[in-house]
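Fold and geometry: a report
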Amino acid sequence: MYCFIIKNQYNYNMKKKILTTAAILVFGLIMFLFGNYIAATNNQIIAETDNPQKANQIQEALTRFGRPTIRYVDGSKIMIAIFGTNKNNVDYAAVELAETDLITDDVWINPNVDVYRYITSTKPEKIRKLENMLNQAFSKRLSHIEGIYSAKTDIHIPEATFFINEPDPTTVNVTINTNKAFDLDRISNRTKTLLEASVPGLSKENIKIKFEYEACDTDCLAKTYYGQAKRAMYIENNYDKALKNLEKADELMPQTYSNSIKNLKALRKLDKKIIQNSKDYKLYIERGNLKNIDEISIFASTSSITSDYDKAIEDYKKALELNPKAYEVYEKLGDAYSNVGWRRCDVCKLERDIYDEYNAIRNYEKAIEYLGGNDELYKKLGDRYMAAKDKKKANECYAKIKNQQSVKDLEDPSIPKPDKSWFKPLKRL
């Protein structure tokens, strides 16, 4: 009996030690992974320069993209780092900087590889290791450039006297997978800019780019040209380039983009008229109307590239500033606020700022105050109160509708109601 008790006690102690050891190992593993996570989300240097003015511009640009930054001086260099981020976000930030044309000869971009461990080495195996690391890093980074589906770089760094006493130049061959409707010149320039700023000893003349095109049917090419038109219009502010891309899209899909072409031409004329006569409030209303429309109907093959509710609101406010008695603008402002901020997503869930609802309500109420209400206006106001979860006010508005049938007729019964399958995520430019 005594031996049996001793044996059981021994087994209990052994199990306790094993469990304790296992718990310590698991705790150590968790702390190790947590430490790596903290290190990965530490401040990541994105760029460095010895030009204070350029450092300010880079920091301002990153802040505009919503990236919290810090700046510090290391010797003669000014370092700009993204606060509390990871290496993947550094890749996105580098591409964003390239789009702003802020990367010049006096700016170095962090390639996400510690090149300083190798810059004085002449050992072939270390140079080859650096090449492999850079190729992996840039194949990933370049894929963030709009229009690049995938990229593969082949970087060759001279072995002898690397970065010492004028070595042979570094060279890069890049293979880019895309489709031919994208702006290949822009893609090529962005690629060369990023590589030159990130790889010591590399110049644009020593970067060779080869394009490989993915299969893309007529509909795919037309949509790509339309996307390029949006980029040219809203990012590059180049209406001529936007129009050329729209015309290419319309050649592939006749009538689909004709409305966009018509509205873009009208917008260009209005911009010129407003420059010549900036005090004519009617011109601002007319331009606002061109922007206060849906971009694309998911039920009909039409589009309007001029759709921009935020800019429409600016134009309407300018019209009211020039003529406070332009009461017809209030309903238009209500319509713009009713649409601004909508986002389509995978689950067909629409989200927007509640303040947009209140702005729409305020402007619809002013329209009723100054011009009187009608069935359509009361329905719009009621809908906005309902969206703001004020059912009492909404029902009061609906009760003022005299002809309920006319309100039903406002919606075309031939147009099907949307379901989840219609909505897809919209890729940001």
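Not measured: the values here are computed from a predicted model. (Residues numbered from 1 in each chain as written. Predicted model: local features only at pLDDT ≥ 70, side-chain atom pairs only at ≥ 80, totals over all residues. Heavy atoms only, no water.)

1. Some words on the state of the cysteines
To be explicit about the condition: Only a pair of cysteine sulfur atoms within 2.5 Å counts as a disulfide in this structure description. Summary of the burial criterion: residues with accessible area below 20% of their type's maximum are buried, those above 50% are exposed, and those between are partly exposed, where the area comes from a 1.4 Å probe applied to protein chains only.
Using the criterion set out here, one finds one disulfide in the structure. Cys216 shares a disulfide with Cys220; S-S distance 1.8 Å. Handedness here is read from the sign of the S-S torsion; for Cys216 and Cys220, about -100°, the answer is left-handed. Using a relative accessible area of 25% as the deciding quantity, one classes Cys220 as partly exposed.

2. Considering the sheet that holds strand β1 (residues 44–49)
Where we set the bar: When DSSP finds two or more bridges between two strands, those strands count as paired. Strands here are runs of E lasting at least two residues and helices are runs of H or I lasting at least four, both read from the DSSP assignment and numbered beginning at the N terminus. As a rule, the C-alpha atoms of each element are fitted with a line to give its axis, helices using only the stretch in contact, and angles between N-to-C directions run from 0 to 180 degrees. Residue contacts are defined here by distance: any two heavy atoms, one from each residue, within 4.5 Å place the two residues in contact.
If you trace the four strands from one edge of the open sheet to the other, you get β2-β3-β1-β4, paired in antiparallel fashion. Only two strands of the sheet have a single partner each, and these edge strands are β2 (69–74) and β4 (107–109). Here the average twist between neighbouring strands, direction ignored, is 25°. Here helix α2 (residues 52–64) sits on the sheet in contact with β1, β2, β3 (77–82) and β4, set at roughly 160° to β2.

3. Comments concerning the confidence of the model for the protein chain
In plain terms, the rule: For every residue, the predictor assigns a confidence score, pLDDT, that lies between 0 and 100.
Summarising the model, the protein chain shows a mean pLDDT of 81, and 79% of its residues fall at 70 or more. Note that residues 37–41 has pLDDT below 50 and, in this model, seven contacts with residues that lie over four places away or in other chains. A low-confidence stretch, residues 411–429 stays under pLDDT 50, and its non-local contacts, those more than four residues away or across chains, total 28 contacts.

4. Structural notes on helix α10 (residues 309–322)
Because each turn of an α-helix spans 3.6 residues, side chains separated by three or four positions end up pointing in the same direction. Selection criterion: In a helix, the anticipated span is given by 1.5 Å times the number of residues less one. As used here, the arc is the angular range of directions from the helix axis to the C-beta atoms.
Compared with the 20 Å implied by 1.5 Å per residue over 14 residues, the 20 Å span of α10 between its first and last C-alpha is a close match. Those residues of α10 not exposed but buried are Tyr309, Ala312, Ile313, Asp315, Tyr316, Ala319 and Leu320. The arc that holds every buried residue of α10, seen down its axis, measures 165°, which confines them to one face. Buried residues in α10 make contact with α9 (281–291) and α11 (328–339).

5. Quick notes on the packing of α10 against α11
Put simply, the rule is: Our angle categories are set so that under 35 degrees counts as roughly parallel, over 145 as roughly antiparallel, 65 to 115 as roughly perpendicular, and the remainder as oblique. Handedness of a crossing is defined here by the sense of rotation of the near helix relative to the far one, left-handed for an anticlockwise turn of less than a right angle and right-handed for a clockwise turn. Residues were grouped as follows: Ala, Val, Leu, Ile, Met, Phe, Trp, Tyr, Cys and Pro as nonpolar; Asp, Glu, Lys and Arg as charged; and all remaining residues, including Gly, as polar.
The contact between α10 and α11 brings their axes to 9 Å, and the two run at 160°. When the axes of α10 and α11 are compared, the pair comes out roughly antiparallel. Of the two possible hands of crossing, α10 and α11 adopt the one that is left-handed. Facing α10, whose interface residues are Tyr309, Ile313, Tyr316, Lys317, Ala319 and Leu320, α11 presents Val329, Tyr330, Lys332, Leu333, Ala336, Tyr337 and Asn339. When the residues that make up the contact of α10 with α11 are grouped by side-chain class, the tally is ten nonpolar, one polar and two charged.

6. Overview of the packing of aromatic side chains
Convention followed: Two rings from Phe, Tyr or Trp (for Trp, the six-membered ring) form a pair when their centres sit within 6.5 Å of each other. Planes less than 30 degrees apart are called stacked, planes more than 60 degrees apart edge-to-face, and all others tilted. Any Lys NZ or Arg CZ that is within 6 Å of a ring centre and within 35 degrees of that ring's normal is treated as a charge sitting over the ring.
A complete count under the given rule lists four aromatic pairs for this structure. Where Tyr327 meets Tyr370, the ring centres are 4.2 Å apart and the plane angle is 5°; that geometry is what we call stacked. Taken as a pair, Tyr327 in the loop between α10 and α11 and Tyr370 in helix α12 (residues 354–371) lie far apart in primary sequence, 43 residues in all. Here Tyr370 falls in the partly exposed class, since its relative accessible area comes to 38%. Following the ring pairs from residue to residue traces out a cluster consisting of Tyr327, Tyr330 and Tyr370. Taking the ring centre of Phe65 as reference, the NZ or CZ of Arg64 above it sits at 6.0 Å.

7. What about unusual backbone geometry?
Positive phi outside glycine occurs at Asn237, with the angle close to 55°. Backbone geometry places Lys389, a non-glycine residue, at a positive phi of 65°. Tracing the backbone shows Lys389 in the loop between α13 (375–387) and α14 (391–399). Assessed through its relative accessible area of 74%, Lys389 is described here as exposed.

8. Looking at a nonpolar patch on the surface
This is how it is decided: In this analysis, a patch consists of residues with relative accessible area above 30% that form no salt bridge, clustered at 9 Å for like charges and at 5 Å for the nonpolar side chains Val, Leu, Ile, Met, Phe, Trp and Tyr. Note on areas: Shrake-Rupley, 1.4 Å probe, and residue coverage restricted to the protein chains presented here. Definition used for salt bridges: Asp or Glu carboxyl oxygen within 4 Å of a side-chain nitrogen of Lys or Arg.
Among the surface-exposed residues, Ile354, Tyr355 and Tyr358 lie close enough to one another that they form a single nonpolar patch of about 340 Å² accessible area. Tracing the sequence through the fold places Tyr355 in helix α12.

9. Description of the side chain of Thr306
To keep it simple, the criterion reads: Contacts described as polar in this section are N or O atom pairs within 3.5 Å, which, within protein, must combine one atom able to donate a hydrogen with one able to accept it, while residues neighboring in sequence count only if both atoms come from side chains.
Mapped onto the fold, Thr306 is located in the loop between α9 and α10. The exposure class assigned to Thr306 is buried, which follows from its relative accessible area of 1%. Only 2.7 Å separates the side chain of Thr306 from the backbone oxygen of Leu290, close enough to count as a polar contact.

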